[in-house]
Amino acid sequence: MEIWINPACSKCRSAISLLDAEGADYTVRRYLEDVPTEDEIRDVLDQLGLEPWDITRTQEAAAKELGVKEWARDVSSRERWVKALAEHPKLIQRPIITAEDGTAVVARTDEAVQDALSRKG
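Overview of the structure. Along every chain, residues carry numbers that run from 1 in the direction the sequence is written. Given that this is a predicted model, residues contribute local features only at a pLDDT of at least 70 and side-chain atom pairs are listed and counted only at 80 or more, while totals for whole chains, interfaces and linings are drawn from all residues. As a rule here, side-chain values cover all heavy atoms of the structure and leave hydrogens and water aside.

## Considerations on the overall build of the chain
Here is step 1: Helix and strand definitions here come from DSSP, where helices need a minimum of 4 consecutive H or I residues and strands a minimum of 2 consecutive E residues; each element is numbered from the N-terminal end. Secondary structure assignment for the chain yields five helices and four strands.
Here is step 2: A compact globule built from 121 residues should have a C-alpha radius of gyration of about 14 Å, and the chain, at 14 Å, falls within 12% of that.
Here is step 3: Dimensions of the chain along its principal axes, counting C-alpha atoms only, are 40 × 30 × 25 Å.
Here is step 4: For the chain, buried positions account for 46% of its 121 residues.
Here is step 5: On the chain, roughly 6,400 Å² of surface is accessible, and the fraction owed to carbon and sulfur atoms is 45%. Note that the radius of gyration is over C-alpha atoms, with the globule rule given as 2.2 Å times the number of residues to the power 0.38. With a 1.4 Å probe rolled over the protein chains alone, any residue whose accessible area is under 20% of its type maximum counts as buried; one over 50% counts as exposed, and the rest are partly exposed. In short, Shrake-Rupley with a 1.4 Å probe defines the accessible areas, and a residue's cover is counted only from the protein chains shown.

In structure tokens, the structure reads:
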């Protein structure tokens, strides 16, 4: 189990606290420092069952500078979104937990963290 976090994010800290309270075995990835590659982003999107625009923080300054809200959200534009997330990791929604069963969740609520914990391999 791995959790992608930004330590400055209150939802990330809350998710870590819950994982600790449950005695979960996990590793922390500070994704702003240890930036995911495009392949890693594609892998986590597959695990989430989501598209890159589904995990993009469109209110971030970088998103506004890039104009992502106007980008097409279709298969032909997918790689453009993935590249933007790799180049601007602040745009990645957080926290993301990869569960033991090979799936992942965007763990912005306690319920989502519990869901990730329940997904055994």
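Read on for the rest.
## Overview of helix α5 (residues 110-118)
Here is step 1: Along α5, the residues classified as buried are Ala 112, Val 113, Ala 116 and Leu 117. What you see down the axis of α5 is that its buried residues fit within an arc of 145°, all on one side. What points out from α5, more than 90 degrees from its buried face, is the exposed set Glu 111 and Ser 118.
Here is step 2: Looking at the packing, one finds that the buried side of α5 touches α1 (10-21), β3 (96-98) and β4 (104-106). What the arc measures is the spread of directions leading from the helix axis to the C-beta atoms. For this analysis, residues touch if any pair of their heavy atoms sits within 4.5 Å.

## A look at the nonpolar core
Here is step 1: Each nonpolar core is a collection of buried residues, namely Ala, Val, Leu, Ile, Met, Phe, Trp, Tyr and Cys, held together in the definition by side-chain atoms within 4.5 Å. Counting residues in hydrophobic clusters, the biggest one holds 21 residues, and the most contacted among them are Ile 41, Ile 55, Ile 92 and Ile 96.
Here is step 2: Residue assignment for this core shows that the elements contributing at least two residues are α2 (38-48), α3 (61-66) and α4 (78-87).
Here is step 3: Looking at which element gives the most residues to this core, the answer is α4, with five residues.
Here is step 4: When residues no more than four places from it in sequence are discounted, the contact partners of Ile 92 are Trp 4, Tyr 31, Pro 36, Ile 41, Ile 55, Arg 57 and Leu 85.
Here is step 5: By size, the runner-up hydrophobic cluster in this structure holds 17 residues, among which are Leu 18, Ile 97, Ala 116 and Leu 117.

## Some words on the packing of α1 against α5
Here is step 1: Between α1 and α5, the shortest axis-to-axis distance is 10 Å and the interhelical angle comes to 45°. The orientation of α1 relative to α5 falls into the category oblique. Considering how the two elements wind past one another, α1 and α5 form a crossing that is right-handed. Touching Ser 14, Ala 15, Leu 18 and Leu 19 of α1 are Asp 110, Val 113, Gln 114 and Leu 117, all from α5. Here, axes are lines fitted to C-alpha atoms. For helices the fit covers the stretch in contact, and angles between N-to-C directions go from 0 to 180 degrees. Every angle not falling under 35 degrees, over 145, or within 65 to 115 is termed oblique; those three ranges are roughly parallel, roughly antiparallel and roughly perpendicular. Put simply, a crossing is left-handed when the front helix is turned counterclockwise from the back one by less than a right angle, and right-handed when it is turned clockwise.

## Here's the deal with the sheet that holds strand β2 (residues 27-30)
Here is step 1: We call two strands paired when DSSP finds no fewer than two bridges between them. The four strands are arranged β2-β1-β3-β4 in an open sheet whose pairing can be described as mixed. Each of the sheet's edge strands pairs with one partner strand only, and the pair in question is β2 and β4. On average, each strand axis in the sheet is tilted by 20° relative to the strand beside it, whichever way the strands run.
Here is step 2: Pairing analysis gives three bridges linking β3 to β4, with the strands arranged antiparallel.

## Describing the packing of α2 against α4
Here is step 1: In contact at an axis separation of 9 Å, α2 and α4 are set at 115° when each is read in the N-to-C sense. Considered as vectors, α2 and α4 are oriented roughly perpendicular to each other. You can see that α2 and α4 cross each other, and the crossing is right-handed. Contacts between α2 and α4 involve Glu 38, Ile 41, Arg 42, Leu 45 and Asp 46 from the former and Arg 78, Glu 79, Val 82, Lys 83, Leu 85 and Ala 86 from the latter.
Here is step 2: Partitioned by chemical class, the residues of the contact of α2 with α4 number five nonpolar, no polar and six charged. Throughout this entry, Asp, Glu, Lys and Arg are counted as charged residues, while Ala, Val, Leu, Ile, Met, Phe, Trp, Tyr, Cys and Pro are counted as nonpolar. The remaining residues, Gly among them, count as polar.

Function cannot be read off these values alone, since they describe shape.
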